[in-house]
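Summary of structural features
Listed here are the chains, written in short residue letters.
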Amino acid sequence: MAVSSSQGHLPNYWKSTVMNAVSKRASVAALDPGPDSTAKAEELISYEPATGEELWRDKVSDVDDIVKRARRAWPAWAAQSLANRMELVRRFANEVRKEAEKLASTIARETGKPMWEANAEVENVIAKVEFSIRAFAERTAQRKLDNAMSGKMAVRHKPHGVMAVLGPSNMPAHLPNAHIIPALIAGNAVVFKPSEKAPATGELLMRCFNHAGVSAAVVQMVVGGPETGQALVAHEGVDGVLFTGSANTGIAINRKLATRPDKIAALEMGGNNPMVVWDTPKVNDAATLIVQSAFTSAGQRCTAARRLIVKASMYDDVVGEVKQIADRIIVGGPYDEPAPFMGPVIDNFAADGLTESFVYLLSHGGKAIKHLVRQDEDLPFLSPSIIDTTGIKDRPDVELFGPILQVIKVDDFDEAIAEANNTRFGLAASLIGGTPQEYNRFWANIRAGIVNWNRPTIGPSHAAPVGDIGLSGNHRPYGYYSADYCAYPVTSGEMDQPRAVIGVGLS
Ligand code: NAD
């Protein structure tokens with residue numbers, strides 16, 4: 001589903017934010033640092049999307065100083081007992097509980113998401129601690145194998161050293177924390193660069209670690225934008241890069257590390273996720289799951305449903321019901337009453353890009369079922385939108401990170417599976433309705449790390465691995481498997497005394 005040159009002008013937004021493939025058309029400027037990113041900004045300012053007001057500002061950090069400090073602190077942290085490190089992250093969870101209100105309101109103000117959703121994000125930050133402790137014990141457990149005459153064989157794990165954690169804007173506390181906690185438990189020092197759009201949230205998270213007793217050198221934050229991220233990735237003192245963000249940035253990082261196989265990289269990237277609707281009498285439930293999947297967080301979830309693939313005979317009922325529910329969605333600021341279902345997108349740049357993308361789809365054969373509406377040109381509030389793109393040849397395979405749901409009508413199940421797989425991404429997919437046999441076929445044939453049945457595409461549990469294949473990741477699932485990339489296994493043959501004989505070949 002490559003974007004062909006016959007499609008004419010492509011929205012700039014795709015090149016800079018959503019990414020237009022690794023195809024030759026991909027803007028090199030978007031993948032390379034480019035002129036903007038070499039110009040060093042002195043200060044970073046974070047604005048509230050819902051009001052446009054300034055929320056936070058600070059000086060851009062000196063990456064070199066911070067990484068050196070982390071390197072000095074790391075050996076002592078790695079030498080602490082695992083029990084100690086676990087105790088400290090549990091104390092961190094308690095600090096987050098104490099600061100829950102403040103953290104939630106900072107997340108809500110900085111991202112624009114409703115308070116109920118910011119509260120849920122804080123709960124996820126807390127829950128991640130126990131999941132990670134359990135996962136570390138299970139995934140990296142010490143093992144001893146008896147090896148008869150050769151003594152014992154032991155398998156133990158060691159931390160990598162200093163890990164750079166690069167966070168996204170959409171879940172600025174939970175998602176970086178999902179790397180930070182397992183990295184710390186494993187004995188790594190962490191240098192965390194929050195999204196330039198959510199540094200205030202990052203700062204609060206750091207404060208919770210420090211109040212819990214994790215030294216301010218073991219987990220530190222760097223303030224800055226993409227150029228600071230680049231400096232961190234390239235720094236000699238960084239042993240690994242744990243990234244959550246767009247495919248565009250993930251690919252840039254992957255390229256940067258192409259000659260550095262010694263640095264571990266876990267890249268959790270975007271998606272163009274399909275949801276297939278097959279036979280079901282429960283049309284309202286199906287439509288509710290679709291709306292939740294497509295429009296929660298104003299569509300700013302990596303796992304959000306972007307493409308609704310519907311059996312022709314179900315089309316009118318399902319799409320009609322989805323529209324009816326979407327028409328009732330309240331869009332508003334974090335503190336509005338009644339509580340909104342969704343807030344704004346992250347900034348005006350994103351809102352402009354999504355609007356441009358919707359217009360692009362319309363002008364290339366898409367049929368609007370529900371238009372994308374922006375009430376105020378100066379603020380990034382968008383309405384949920386639905387567009388039938390069945391008629392678009394060469395449908396662009398880009399992640400539209402906002403409240404745009406594309407609908408594609410199909411006649412048979414094979415076509416539905418082919419359409420669902422018609423993407424280079426591979427994050428999440430859901431089948432709604434269908435028989436157990438159809439679900440088996442769906443599960444067996446869909447290329448994605450999350451394949452659900454009668455469940456939304458969003459909201460993966462960290463009690464399980466969150467896998468992402470294709471352009472959605474580099475085969476380092478996070479969630480329950482984060483422990484795997486935070487420590488490396490060391491195999492040791494061991495005997496308490498030297499004992500050896502040479503049986504042949506000696507005179
Ligand atoms: P982004 O790629 O713009 O930024 C992510 C981080 O990378 C930021 O801290 C940014 O400063 C940094 N960065 C940017 N350019 C860099 C470079 N060249 N080198 C090093 N660092 C650089 O992403 P975003 O817009 O903040 O977040 C939204 C994206 O994240 C969406 O694509 C979404 O699908 C994805 N996401 C993925 C997951 C997942 O689990 N797979 C989860 C949440 C979000």
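Look a little higher up for the structure.
Below, the structure is looked at part by part. (Residues numbered from 1 in each chain as written. Predicted model: local features only at pLDDT ≥ 70, side-chain atom pairs only at ≥ 80, totals over all residues. Heavy atoms only, no water.)

This structure, assessed with the given rule, holds four aromatic pairs. A centroid spacing of 3.8 Å and a plane angle of 5 degrees characterise the contact between Phe-92 and Phe-209, whose relative ring orientation is stacked. You can see Phe-92 sitting in helix α5 (residues 82-98) and its partner Phe-209 sitting in helix α9 (residues 199-212), a full 117 residues away along the chain. We classify Phe-209 as buried; its relative accessible area is 0%. Note on Trp-116 and Phe-341: the rings are 6.5 Å apart at their centroids and 50 degrees apart in plane angle, and the pair reads as tilted. Placement of the pair is Trp-116 in helix α7 (residues 115-139) and Phe-341 in the loop between α13 (315-327) and α14 (348-363), with a sequence separation of 225 residues. The ring of Tyr-481 carries the charged tip of Arg-139 above its face, separated from the ring centre by 3.5 Å. One Lys or Arg, Lys-409, reaches over the ring of Tyr-315 and ends 4.6 Å from the middle of that ring. (Phe/Tyr/Trp six-rings, centres within 6.5 Å; stacked < 30°, edge-to-face > 60°. Helix = DSSP H or I, 4+ residues; strand = E, 2+ residues; numbered from the N terminus. Buried < 20%, exposed > 50% of the residue type's maximum accessible area, 1.4 Å probe, protein only. Lys NZ or Arg CZ within 6 Å of the ring centre and 35° of its normal.)

Let's shift gears to the site of the ligand. The immediate surroundings of the ligand are formed by 28 residues, with Glu-196, Ser-246, Met-269, Glu-399 and Tyr-478 found nearest. One of the side-chain nitrogen or oxygen atoms of Glu-196 is found 2.5 Å away from an oxygen atom of the ligand. Ser-246 is positioned with one of its side-chain polar atoms (N or O) 2.7 Å from an oxygen atom of the ligand. Alone, the ligand offers 850 Å² of accessible surface; in the complex the protein occludes 92% of this. (Near = heavy atom within 4 Å. Polar contact = N/O pair within 3.5 Å; in protein donor to acceptor, adjacent residues only side chain to side chain. Areas by Shrake-Rupley, 256 points an atom, 1.4 Å probe, with all protein chains shown as cover.)

A large share of strand β9 (residues 264-268) lies buried, amounting to five of its five residues. Here β9 shows no split at all, with Ile-264, Ala-266 and Glu-268 on one side and Ala-265 and Leu-267 on the other all buried. Across five bridges, strand β8 (residues 240-244) lies against β9 in parallel orientation. Counted as the bridge partner of Phe-243 is Leu-267 from β9. (Pairing = 2+ DSSP bridges.)

What follows deals with the side chain of Ser-105. Among the secondary structure elements, Ser-105 is positioned in helix α6 (residues 100-111). A distance of 3.1 Å separates a polar side-chain atom of Ser-105 from the backbone oxygen of Lys-102. Setting aside anything within four residues of it in sequence, one finds Ser-105 in contact with Met-115 and Tyr-335. (Contact = heavy atoms within 4.5 Å.)

Moving on: the sheet that holds strand β5 (residues 162-166). The strands making up a sheet associate through hydrogen bonds between their backbones, and the pairing can be parallel or antiparallel. Pairing is parallel in the open sheet, where five strands are placed in the order β7-β6-β5-β8-β9. Each of the sheet's edge strands pairs with one partner strand only, and the pair in question is β7 (219-221) and β9. Going from strand to strand, the sheet's axes swing by 15 degrees on average, the running direction of each strand aside. Contacting β5, β6 (189-193) and β7, helix α4 (residues 63-79) crosses the sheet at an angle of about 150 degrees to β6. (Axes fitted to C-alpha atoms, helices over the stretch in contact; angles between N-to-C directions.)

With mixed pairing, seven strands are arranged side by side in an open sheet as β12-β13-β14-β11-β10-β16-β17. The sheet terminates laterally at β12 (367-370) and β17 (450-453), the two strands that pair on one side only. When the angles between neighbouring strand axes are averaged without regard to direction, this sheet yields 20 degrees. As judged from the three bridges shared by strand β10 (residues 273-277) and strand β16 (residues 428-432), these two strands associate in the parallel manner. When the sheet's bridge partners are listed, Val-277 is paired in β16 with Ile-432. Strand contacts of α13: β10, β11 (305-311), β12, β13 (385-388) and β14 (404-410), with the helix running at about 55 degrees to β12, the strand carrying the most contacts.

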